[in-house]
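# Descriptive structure summary
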Amino acid sequence: MSNGKIVAGFLAPHPPHLVYGENPPQNEARSQGGWEQLRWAYERARASLERLKPDVLLVHSPHWMTQLGHHFLGVPTLKGKSVDPIFPNLFRYNFALDVDVELAEACCSEARSRGLVSKMMRNPDFRVDYGTITTLHMIRPQWDIPVVGISANNSPYYLSTKEGLEEMAVLGDATRAAIERTGRRAVLLASNTLCHWHFHEEPEIPEDMSREHPQSYAGYQWDMRIIELFRKGRTKEVFSLLPQFIDEAFAEVKSGALTWMFAAMGYPEIPGQLHGYGTVIGTGNAVMEWDLSAPAAPVAAAA
Amino acid sequence: MPLVAALLVPGSPLPYLRPDNPPWKPIAEAYRAAATALQAARPDVLLVYSTQWIAVLDQLWQSRARVTGLHVDENWYEFGNLPFDLAIDTEVTASCIESTASIGVRSKGVDYDGFPIDTGTIVANGSLNADGRARLVIAANNVYHDWTRTSQLAAIAATTAERYGRRYAVVGVGGLSGTIFRTEIDLAQDRIAGDENDALNRGLLARLQQADVAGLAEFCADYAKRTRADMGMKHLAWILGGLGDRYRGADVLGYGPTYGAGAAIVQFRL
Ligand SMILES: [Fe+2]
């Protein structure tokens, strides 16, 4: 098989609050709603995904942080209960997911051939991290599309932002090559929050939206600047600003998912579609889509 | 004397899951020696702080009476699973949670089936307290807490254990230098990554042996910067806080590498 392609990429952040606010049957915790703007943003993204009809979803998550290289889920089926270590009151989710092991192995070998330390995770008892699960639930709650789960190597923190993100770009190239080689129709999910300054205490009622707002005005301004550039298709400019954005807004994109995704897509200078923006315990979260199946078409800015 | 023991131990699963790998033997053997010493001290409760249990919002404490499950380390999953069965001293824990308001820290109990218990806590408990004879008080490592705050929390835990008449041991779970090998190595050839890290680790251990506590926080801040030490050595702050910064000396029961990082087991003389 060949002629695989990446049909779209999504910025798909993973605050577990969004799952909590939705009250799906898989989550034990019950809420009275909350974070509607972001959940409705994900509704629009879900509709897009439905139209895109991908064979596989690839997700890069900062909450599977690995020290020795880049790891890929490599067990055909993984299930269990994922409890968020930071918000166990909100997220206790019973998951079951199917892994596209063939594609994961192809990604791993392409990464290896480009000089990255890469490993397949073969332990059937492995507990998938809550970032991966939240992003996947929010984009496709039916869980009927196979998945490739990719760890976030800690290189941006351990080495430097620059060196770490260079590695993520190589990982992105490897991912694209693997998708093309295996003939998959793939959607990429960058599981990242933007500005990551957050409040240090949770309201008594976590979903009390009268308490929800950006923790930092400067961080909010940074988020708007990045989103506006993305909406205009000024991708190069975003990536030249990224190190400063990371430093000043403590942005979670430091962990590499956004860079991985854009490198895989070839840094397209096409307008990203903003499905919505909202804060979660003060952090800035945008749900955005880059549809590569119609790159020339102008994309209306939503939300 | 209700304080009966104090130990610094590593949370890496490598010597625990592969005790026969030669470079990891010193730690595996020292863990056995520490377990024997601890058993002789007959603690009712271990006051445990593991650098790998990360908290961000409040100060978290395990408050579920019995926590059981199977953990798989997110880095070292190929070496095997980590089953655990922890018995919590809920009475002392509840009192700790109430008491931290006195230092301006909001605490919360964690009582959820399936909560991801960290590798370090499982390794320490499985090595030191395999039969579950001692119950545990387990405090999270809030990343926004510094050395002093961590030390204060340990002091609260110790005072509380004492108030409830417990014989208690203070256990800080974490590594030394945090510089690791970033490429695959022959495990049988594992060693401390870098001579400078090795020298600095030995310097810290010597200082602990001499019970040279004055200025230790500043020393560790510098040491942590130079060696990428595990969480700024806050697990050591926990031990010293639990000891009230007073001990007579220390014995290094073992020292060795865990994929390049430094690990040691230190028993403090009370
Ligand atoms: Fe996150």
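Residues numbered from 1 in each chain as written. Chains lettered and ligands numbered in written order. Predicted model: local features only at pLDDT ≥ 70, side-chain atom pairs only at ≥ 80, totals over all residues. Heavy atoms only, no water.

### Observations concerning the packing of aromatic side chains
- The tally for this structure, following the rule as stated, stands at 21 aromatic pairs over all chains.
- Aromatic side chains Tyr247(B) and Phe268(B) sit 4.9 Å apart centroid to centroid with 80° between the ring planes, which places their arrangement in the edge-to-face category. Here Tyr247(B), found in the loop between α8 (234–242) and β9 (249–258), pairs with Phe268(B), found in strand β10 (residues 261–269); they are 21 residues apart in sequence, far enough to count as distant. One exposure class covers both Tyr247(B) and Phe268(B), and it is buried.
- A network of ring pairs unites the aromatic residues Phe230(A), Phe239(A), Phe262(A), Tyr267(A) and Trp290(A) as a single cluster. (Phe/Tyr/Trp six-rings, centres within 6.5 Å; stacked < 30°, edge-to-face > 60°. Helix = DSSP H or I, 4+ residues; strand = E, 2+ residues; numbered from the N terminus. Buried < 20%, exposed > 50% of the residue type's maximum accessible area, 1.4 Å probe, protein only.)

### Digging into the packing of helix α6 (residues 161–182) of chain A against helix α9 (residues 257–265) of chain A
All names here are of chain A.
- Two elements in contact, α6 and α9, have axes whose closest approach is 7 Å; the angle formed by their N-to-C orientations is 45°. Taken together, the axis directions place α6 and α9 in an arrangement best described as oblique. As for the relative orientation of α6 and α9, their crossing is right-handed in sense. Contacts between α6 and α9 involve Leu165, Met168, Ala169, Leu171, Gly172, Asp173, Thr175 and Arg176 on the former and, on the latter, Thr259, Trp260, Ala263 and Ala264.
- Here the contact of α6 with α9 is built from residues that sort into seven nonpolar, three polar and two charged. (Axes fitted to C-alpha atoms, helices over the stretch in contact; angles between N-to-C directions. Parallel < 35°, antiparallel > 145°, perpendicular 65-115°, else oblique. Left-handed = near helix turned anticlockwise from the far one by under 90°. Contact = heavy atoms within 4.5 Å. Nonpolar A, V, L, I, M, F, W, Y, C, P; charged D, E, K, R; others polar.)

### Some points on the coordination of the iron ion
Residue and element names in this part refer to chain A.
- For the iron ion, the protein coordination sphere consists of His14 (NE2), His63 (NE2) and Glu252 (OE), at 2.0 to 2.1 Å.
- All donor residues of the iron ion come from one chain, and their arrangement in sequence is H-x48-H-x188-E. Of this pair, His14 sits in the loop between β1 (5–11) and α1 (16–22) while His63 is found in strand β2 (residues 56–66), placing the two residues 49 residues apart along the sequence.
- Given the relative accessible area of 25%, His63 is considered partly exposed. (Donors = N, O, S within 2.8 Å, 3.2 Å for Na, K, Ca; no water.)

### With respect to the interface of chain B and chain A
- Residue-level contacts link 33 residues of chain B with 38 residues of chain A.
- Together, Leu57(B), Tyr77(B) and Arg182(B) form the three largest contributors to the area buried by chain B at its contact with chain A, with a combined 26%.
- Scanning the region where chain B abuts chain A turns up five salt bridges.
- We note a salt bridge from Asp113(B) to Lys81(A), for which the minimum N-O separation is 2.9 Å.
- If you look at where chain B meets chain A, you find 18 residue pairs in polar contact (both at pLDDT 80 or more).
- Listed by contribution, the elements that provide at least two residues to the side of chain B that touches chain A are β2 (45–55) and β4 (66–71) of chain B.
- Partitioned by chemical class, the residues of the side of chain B that touches chain A number 16 nonpolar, seven polar and 10 charged. (Buried area = accessible area lost by both parts, 1.4 Å probe. Salt bridge = Lys/Arg side-chain N within 4 Å of Asp/Glu carboxyl O. Polar contact = N/O pair within 3.5 Å; in protein donor to acceptor, adjacent residues only side chain to side chain.)

### Re helix α7 (residues 216–227) of chain B
All names here are of chain B.
- Helix length check: α7, at 12 residues, gives a terminal C-alpha distance of 16 Å against a target of 16 Å (1.5 Å per residue), a fit within 8%.
- For α7, the set of buried residues is Leu216, Cys220, Tyr223, Ala224 and Thr227. With its buried residues spanning 100° around the axis, α7 presents them on a single face. Pointing more than 90 degrees away from the buried face of α7 are the exposed residues Glu218 and Lys225.
- Each element contacted by the buried residues of α7 is listed here: α5 (147–163), α6 (195–209) and α8.
- Once α7 ends, the next one or two residues include Arg228, with phi positive near 55°. (Expected span 1.5 Å × (residues − 1). Arc of directions from axis to C-beta.)

### Quick notes on the environment of Ala65(B)
All names here are of chain B.
- For Ala65, the location among the structural elements is in the loop between β3 (59–62) and β4.
- As a C-alpha pair, Ala65 and Ser50 span 15 residues in sequence and 19 Å in three-dimensional space.
- When sequence neighbours within four positions are dropped, the list of residues in contact with Ala65 reads Leu86, Ala87, Ile88 and Thr90.

### Digging into unusual backbone geometry
Residues and elements named next belong to chain A.
- The backbone phi angle of Trp35 is positive, close to 55°, even though this residue is not glycine.
- Assignment of secondary structure puts Trp35 in the loop between α1 and α2 (36–52).
- Given the relative accessible area of 4%, Trp35 is considered buried.
- Of note in this structure, Phe250 is not a glycine but carries a positive phi near 55°.

### Some remarks on the environment of Cys107(A)
Residue and element names in this part refer to chain A.
- By the element assignment, Cys107 lies in helix α3 (residues 101–113).
- Placed 41 residues apart in sequence, Cys107 and Val148 show a C-alpha to C-alpha distance of 9.1 Å.
- Every residue in contact with Cys107, bar those within four places of it in the chain, is listed here: Leu58, Phe72, Ala174, Thr175 and Ala178.

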